[in-house]
Amino acid sequence: NEIQTLEFASALEGLDVRAMDKVEFIEEPLQKVHDEGGNWSLAGQVGALERSYLRTAISYALDESIADLAKKHDWCFESMRDDLKEVFRQGPRGCAAIVLKPALLGVELSARLAWLARSQLEIGAVYSSSFDSGLGLAYTAFLGHLADQVTSSVRSYAHGVGTFMMLGADTLTP
């Protein structure tokens, strides 16, 4: 919640400024935000993230919210695009990137969202894995490289394909 995020930020205050300069963003630092009726919306989630950003000056990346948005719009890119463009119509403010997981979103939707983020929203696109096989990780790294080639003034970030080290062996190994 927002209080925990503020507590986390205050714990960081004692760190050396050089260490804080290395924090590019925090992936979705808040729990899912619901309105009074119990409904989730991207606008409500980003509003809470923006309040956190204004208090802490720590940029964020949309992670779980991208999957939530896909579910809300039944994986329809056009509906997702419209929602994202509306929420970020005044610019990205504290949002540094969106996190794309092709294993959850699909390859085509992930690629279209990466292009939208970098070319129209001025937000970075970070590809990430979900304990994929070596083949899946290689493909995710390839997609990340392609996303970084989209002409944009937006900074490119490291992609999250380091989960292979967490596995004892490739999941495709018989």
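Here, the structure is the one placed above.
Residues numbered from 1 in each chain as written. Predicted model: local features only at pLDDT ≥ 70, side-chain atom pairs only at ≥ 80, totals over all residues. Heavy atoms only, no water.

K.L.:
Help me understand the packing of aromatic side chains, please; the structure alone is not making it clear to me.
P.N.:
When we look at a pair of aromatic rings, we describe it by the centre distance and by the angle of the planes. Applying the stated criterion to the full structure yields 1 aromatic pair. Ring geometry for F25 and Y157: centres 5.0 Å apart, planes at 90°, overall edge-to-face. Taken as a pair, F25 in the loop between α2 (17-20) and β1 (26-27) and Y157 in the segment after α8 (134-148) lie far apart in primary sequence, 132 residues in all. (Phe/Tyr/Trp six-rings, centres within 6.5 Å; stacked < 30°, edge-to-face > 60°. Helix = DSSP H or I, 4+ residues; strand = E, 2+ residues; numbered from the N terminus.)

K.L.:
Teacher, can you tell me more about the packing of helix α3 (residues 42-56) against helix α5 (residues 77-87) here?
P.N.:
In contact at an axis separation of 10 Å, α3 and α5 are set at 35° when each is read in the N-to-C sense. Seen from above, α3 lies across α5 with right-handed handedness. Residues L42, A43 and V46 of α3 pack against D83, L84 and V87 of α5. Considering only residue class, the contact of α3 with α5 consists of 5 nonpolar, no polar and 1 charged. (Axes fitted to C-alpha atoms, helices over the stretch in contact; angles between N-to-C directions. Left-handed = near helix turned anticlockwise from the far one by under 90°. Contact = heavy atoms within 4.5 Å. Nonpolar A, V, L, I, M, F, W, Y, C, P; charged D, E, K, R; others polar.)

K.L.:
Can you help me understand the sheet that holds strand β3 (residues 95-100) in this one?
P.N.:
Hydrogen bonds between backbone atoms are what pair the strands of a sheet, whose relative direction is either parallel or antiparallel. Across the sheet, which stays open at both edges, the 4 strands sit in the order β1-β2-β3-β4 with parallel pairing between neighbours. Each end of this open sheet is capped by a strand with a single partner; those strands are β1 and β4 (124-127). With 2 bridges joining them, β1 and strand β2 (residues 60-62) adopt parallel strand pairing. Directly across from I26, in β2, lies its bridge partner Y60. In the packing of helix α7 (residues 107-121) onto the sheet, the strands contacted are β3 and β4, and the crossing angle to β4 comes to about 150°. (Pairing = 2+ DSSP bridges.)

K.L.:
Help me out: how do you make sense of unusual backbone geometry in this one?
P.N.:
The phi angle of most residues is negative, glycine excepted, and most peptide bonds adopt the trans form. One non-glycine residue, A57, lies in positive phi territory at about 65°. Relative to the helices and strands, A57 resides in the loop between α3 and β2. You will see that D74, though not glycine, has its phi angle at about 50°, which is positive. The topology assignment puts D74 in the loop between α4 (64-72) and α5. Classification of D74 as exposed rests on a relative accessible area of 63%. (Buried < 20%, exposed > 50% of the residue type's maximum accessible area, 1.4 Å probe, protein only.)

K.L.:
Got a minute to help me understand the environment of A141 in this structure?
P.N.:
On the secondary structure map, A141 appears in helix α8. A141 sits in the partly exposed class, given a relative accessible area of 33%.

K.L.:
Any chance you could explain the packing of α4 against α5 here in plain terms?
P.N.:
The relative placement of two packed helices is expressed as an angle between their axes plus a distance between the axes. Where α4 contacts α5, the axes come no closer than 9 Å and their chain directions differ by 130°. With respect to their mutual orientation, α4 and α5 come out oblique. For the pair α4 and α5, the crossing hand works out as right-handed. Where α4 approaches α5, its residues I66, L69, A70 and K72 are matched on the opposing element by M80, D83 and L84. When the residues that make up the contact of α4 with α5 are grouped by side-chain class, the tally is 5 nonpolar, no polar and 2 charged. (Parallel < 35°, antiparallel > 145°, perpendicular 65-115°, else oblique.)

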